[in-house]
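Results of the structural survey
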Amino acid sequence: MIKFAAAFTFAAFLGVQDVQAVEVTKEYINKNRSYQNLKAIGVVIHDTDAPGGTAQNNRDYFNNNSVDASAHYFVDWNKVIQTIPENEVAWHAGRTANHKYLSIEICVPSKHNAYQFNKAYNNAVDLTVDMCRRYNWKVSDIFSHEWCSLNYKETDHTDPVAYFREYGKSMDTFRKDVARKLSVADNNGISDSEVSKAASYLGDNARKVQYLLNCFGYNLYIDGQCGRRTTQCIGYLQTRLDIYPDHLFGPKSIKKALSQLDIAERGCGFINETKLIQYMLGVTPQDGIFGNKTYAKVVEFQKNHGIYPDGRVGFKTFTKLFEQNNAVVAPNPGTNNKPDKPAKPSQPTIPTRTNPMDNNARKAANYLGNKITKVQYLLNCFGYNLNVDGNCGKHTAQCIGDLQKRLGLNSDYLFGPKSFRRAINKLDIAEKGCRYTNETRLIQYILGVTPRDGIFGNKTYAKVVQFQKSHGIWPDGRVGIKTFNKMLI
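Attention in this report is confined to the structure presented alongside it. (Residues numbered from 1 in each chain as written. Predicted model: local features only at pLDDT ≥ 70, side-chain atom pairs only at ≥ 80, totals over all residues. Heavy atoms only, no water.)

1. Quick notes on the side chain of Ser-149
In this structure, Ser-149 sits in helix α5 (residues 145-152). Residue Ser-149 is classed as buried on the basis of its relative accessible area of 10%. (Helix = DSSP H or I, 4+ residues; strand = E, 2+ residues; numbered from the N terminus. Buried < 20%, exposed > 50% of the residue type's maximum accessible area, 1.4 Å probe, protein only.)

Listed below in structure tokens is the structure:
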């Protein structure tokens, strides 16, 4: 056994305040060693499936018993122990994965214990952040044991999926938390040189990127200037897209973002997508209404660029628009000149706000009652830019039906529990210092925080913690699926 008396902490090692100070010790095991060289290209996340076992318990077990299994790190709610050197193969996920990846085993509490889970989870996030910084890895280099089983078919384990799910987490949220800590996209972290670098890189494309960012709910003022706020939002969106947040928004980021946009067509309610299209095609005014004028411009553009002229803007048309507007977009492999995927016949075209929707508006108003304001705030999280007035008029009803369609639901305009749950699952985790303006305004409205300025500061954080304590939720001040569900449903 090798034991290093001088332990270190991630916060001291990385020199950042966002990473918690957790003790890390190296206690190499004597048994279950391969002594084979490893040049790791990523990391696999596991759980021990041994309720109550601490990092020390697990380390001692593998040191004293020959079981032909091992891991590089064991992580619990108090400490992290490294048991295998990082340049040595460990036996954790099958032969192929063992020779590619480092491994982290997250310990499991003896019974359901949100406090211990969150501590262990955050310790694992911080350890992964440390690895990514040292090896220049991206969040796409982080895998689950389940992923290894499905892709290499050398084991049948599915961890840590069920363990994470028990506490409202997933591999996606794990990667997002790692990316958030890797990113320096906060008020104190974005340097002038990074802003200057982003502005220089984007050049004349800054205005187009601002329109694109607003499609994801960032509500930027469109001025064509890549300042600190725009640079921050680029990093935030890259994090959401599971791309390393370099704040430059190059071809990979643009392509990934475009692939997430909804198909825009005449009569749709996708205001920000429509404004982006109108800007790139020179349609005025850029009012976000996909009417006949915008439709005609889209058809003309498609005809001129060899795209089937159906007047619908999907991935292919969006990509060509960006290419023709001096944005460099990597080609989508395997595409040809087929038209964008047509709408299913069962999905009705959403009428424009000028079309009569009195019956749907009346139906929605009667059903929602005093929940209308809350629903309007929620709709704005999806980019609808409603004037929040608590009145369910035609436009609010239109947006309800439109969002239900986007969520794969029937557009009944009522927005019941199923619609709430489906929408909540799409929201980002809001926390202190985040810039999810609309999500924060929704939280501030529900919790009675004034002013509802969309800034998740100390006042909002304190109210969230108070709410979580009073509703039996772990009071970490972060609003994810569980807290949103308790607030909204």
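2. As for the packing of helix α4 (residues 114-135) against helix α7 (residues 171-182)
Axis separation between α4 and α7 bottoms out at 9 Å; the angle between their running directions is 55°. One way to sum up the angle between α4 and α7 is to call them oblique. The hand of the α4/α7 crossing is right-handed. Contacts from Tyr-121, Ala-124, Val-125, Asp-126, Thr-128, Val-129, Cys-132 and Arg-133 of α4 reach α7 at Thr-173, Phe-174, Asp-177, Val-178, Lys-181 and Leu-182. Of the residues that constitute the contact of α4 with α7, the class distribution is 8 nonpolar, 2 polar and 4 charged. (Axes fitted to C-alpha atoms, helices over the stretch in contact; angles between N-to-C directions. Parallel < 35°, antiparallel > 145°, perpendicular 65-115°, else oblique. Left-handed = near helix turned anticlockwise from the far one by under 90°. Contact = heavy atoms within 4.5 Å. Nonpolar A, V, L, I, M, F, W, Y, C, P; charged D, E, K, R; others polar.)

3. Here we look at unusual backbone geometry
Here the bond from Asp-159 into Pro-160 is cis, since omega is 0°, no more than 30 degrees from zero. Mapped onto the elements of the fold, Pro-160 is located in the loop between α5 and α6 (161-166). In this model, Thr-284 is joined to Pro-285 through a cis peptide bond whose omega is -5°. With respect to the element layout, Pro-285 can be found in the loop between α12 (271-281) and α13 (292-304). Even without glycine at this site, Asp-49 takes up a positive phi of about 55°. Within the secondary structure, Asp-49 sits in the loop between β4 (42-47) and α2 (55-64). Classification of Asp-49 as exposed rests on a relative accessible area of 65%. Of note in the backbone geometry, Asp-68 takes a positive phi value of approximately 55° without being a glycine. On the basis of relative accessible area, Asp-68 is assigned to the exposed category, the value being 63%.

4. With respect to the pattern of salt bridges
For the coordinates displayed, the defined rule picks out 12 salt bridges. Between Arg-59 and Asp-60 there is a salt bridge, with its nearest N and O atoms 2.8 Å apart. For Arg-59, a relative accessible area of 3% gives the class buried. Judged by relative accessible area, Asp-60 falls into the partly exposed class, the value being 27%. Asp-177 is the salt-bridge partner of Arg-478, the closest N and O atoms lying 2.7 Å from each other. Of the two residues, Arg-478 is situated in the loop between α20 (458-470) and α21 (481-488) and Asp-177 in helix α7; the sequence distance between them amounts to 301 residues. By sharing partners, the salt bridges in this structure join Asp-177, Arg-180, Glu-431 and Arg-478 into a single network. (Salt bridge = Lys/Arg side-chain N within 4 Å of Asp/Glu carboxyl O.)

5. Here we look at the state of the cysteines
Taken as a whole, this structure holds 0 disulfides when the rule is applied. Here Cys-392 is not cross-linked by a disulfide; its sulfur's nearest cysteine counterpart is in Cys-399, at 9.9 Å. (Disulfide = S-S within 2.5 Å.)

6. Here's the deal with the packing of aromatic side chains
Going through the model one piece at a time under the given rule, you end up with 19 aromatic pairs. Centre to centre, the rings of Tyr-115 and Trp-474 are 5.0 Å apart; their planes meet at 70°, and the pair counts as edge-to-face. Of this pair, Tyr-115 sits in helix α4 while Trp-474 sits in the loop between α20 and α21, and the two are 359 residues apart along the sequence. When its relative accessible area of 28% is taken as the criterion, Trp-474 is described as partly exposed. Here the aromatic residues Phe-117, Tyr-121, Tyr-163, Phe-164, Tyr-167 and Phe-174 are joined through ring pairs into a cluster of three or more. Taking NZ or CZ as reference, Arg-266 lies 3.8 Å from the ring centre of Tyr-295, over its face. Lys-432 extends its terminal NZ or CZ atom over the ring of Tyr-461, reaching a point 4.3 Å from the ring centre. (Phe/Tyr/Trp six-rings, centres within 6.5 Å; stacked < 30°, edge-to-face > 60°. Lys NZ or Arg CZ within 6 Å of the ring centre and 35° of its normal.)

7. Overview of the nonpolar core
If you look at the biggest cluster of nonpolar residues, it comprises 75 residues, and the most contacted ones within it are Leu-212, Tyr-218, Phe-249, Leu-276, Phe-415 and Ile-443. Listed in part, the 43 residues of the second largest apolar core include Ile-29, Phe-117, Met-131 and Ile-142. (Core = buried A, V, L, I, M, F, W, Y, C linked by side-chain atoms within 4.5 Å.)

8. Remarks on α4
Given a rise of 1.5 Å per residue, 22 residues ought to cover 32 Å, and the 31 Å separating the end C-alpha atoms of α4 matches this to within 8%. The distance from a side-chain oxygen at the start of α4 to the backbone nitrogen of Tyr-115 is 3.1 Å, and the residue carrying that oxygen is Asn-113. Once α4 ends, the next one or two residues include Asn-136, with phi positive near 60°. (Expected span 1.5 Å × (residues − 1). Polar contact = N/O pair within 3.5 Å; in protein donor to acceptor, adjacent residues only side chain to side chain.)

9. Here we look at the pairing of strand β7 (residues 101-106)
With 6 of 6 residues buried, β7 is to be regarded as a mostly interior element. As paired strands, β4 and β7 are joined by 6 bridges and run parallel to one another. By the bridge assignment for β7, Asp-47 is matched with Ile-106. Summarising the sheet, strand β5 (residues 73-75) and β7 pair through 3 bridges and their orientation is parallel. (Pairing = 2+ DSSP bridges.)

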